[in-house]
Structures are given as structure tokens and as C-alpha cells.
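Descriptive structure summary
Residues per chain are reported as follows:
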Amino acid sequence: ALAAKLGHPLISLFFHSGKGESRCVNGRMAIINLLCDPSQEDHGELRLAASDECMEGTCDGCTYSFVWRTPKACKLCTADDYTEQFLKCTNKSKTTQYIWKPETRCAGGVVKPENKIETCSIT
């Protein structure tokens, strides 16, 4: 549900204490949802997952949900993740730009090439 709501792939990790107690008869559980976010630096950011129903990351005090936005949850970038864009010939030079495709959600891997400037002539 969270992946569909955010529109990104999601990796979920479940940790369960397995030991019941009076307040949490089935034990306590933590759910960590790793979300691909290439804009985050280093390991990203871990936060309680608040929702309209459960503002503190838990509805019952036994199961806690977290969202970890991190580039470490992303697939590695490949050459298929960027495209070439050719700009028109201006002042006898033409630029080829390499831009990430709009739907790209990747980190690391292939580095996008630098822009290329070539001479050209207007005929």
C-alpha cells in the first residue's frame, strides 16, 4: 500500500520480538520500509511512518512502522537510464546533452556522460 501511495519501489523488512506480554500479546514488531530516494545523501533518512490513522508510527503501541529514504534502496544506474538530447547548431557549435529519463530512480552504477560540444555548419 505504501509503495503504491508513493509511486516508488519499496523493500520492506520485518522484525518481530516473538515474545508476548500483557500489552502486546503477540509481541512487538518493527517494519522498516526502504524507499529508493536518489536525492538523499549517504545512508539517507529514517523516520517514523506517520499516517492519517496513526500519527506516531504506531496504532497499537506494539507494531511500529518506519520509512527509510535512501539511495541504497535504488537499483544501480545503467546506460538505459539516460538519453541523448541534441541541441541545434548555434554559432558553429552543436551540443549533445545527456539527461536522466524522467522515470529514472537509480543511484550509483553508470555515470551519466558529460555534455559533448562539436563544431557544425548551417547549410
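The preceding data block contains the structure.
Procedures and definitions
Residues numbered from 1 in each chain as written. Predicted model: local features only at pLDDT ≥ 70, side-chain atom pairs only at ≥ 80, totals over all residues. Heavy atoms only, no water. Salt bridge = Lys/Arg side-chain N within 4 Å of Asp/Glu carboxyl O. Helix = DSSP H or I, 4+ residues; strand = E, 2+ residues; numbered from the N terminus. Buried < 20%, exposed > 50% of the residue type's maximum accessible area, 1.4 Å probe, protein only. Disulfide = S-S within 2.5 Å.

**Let's talk about the pattern of salt bridges**
- Within this structure, the stated rule accounts for four salt bridges.
- A salt bridge links D37 to R69, with the nearest nitrogen and oxygen atoms 4.0 Å apart. One end of the pair, D37, is in the loop between β2 (29-36) and β3 (45-48); the other, R69, is in strand β4 (residues 63-70), and 32 residues separate them in sequence.
- Residue classification places D37 among the buried residues on the basis of a relative accessible area of 10%.

**So, the state of the cysteines**
- Scanning the entire structure with this criterion turns up four disulfides.
- C77 shares a disulfide with C106; S-S distance 2.1 Å. Sign of the S-S torsion, about 95° for the bond between C77 and C106, identifies this disulfide as right-handed. Of this pair, C77 sits in strand β5 (residues 75-77) while C106 sits in strand β8 (residues 106-109), placing them 29 residues apart in sequence. You'll find C77 and C106 in the same group, each marked buried.

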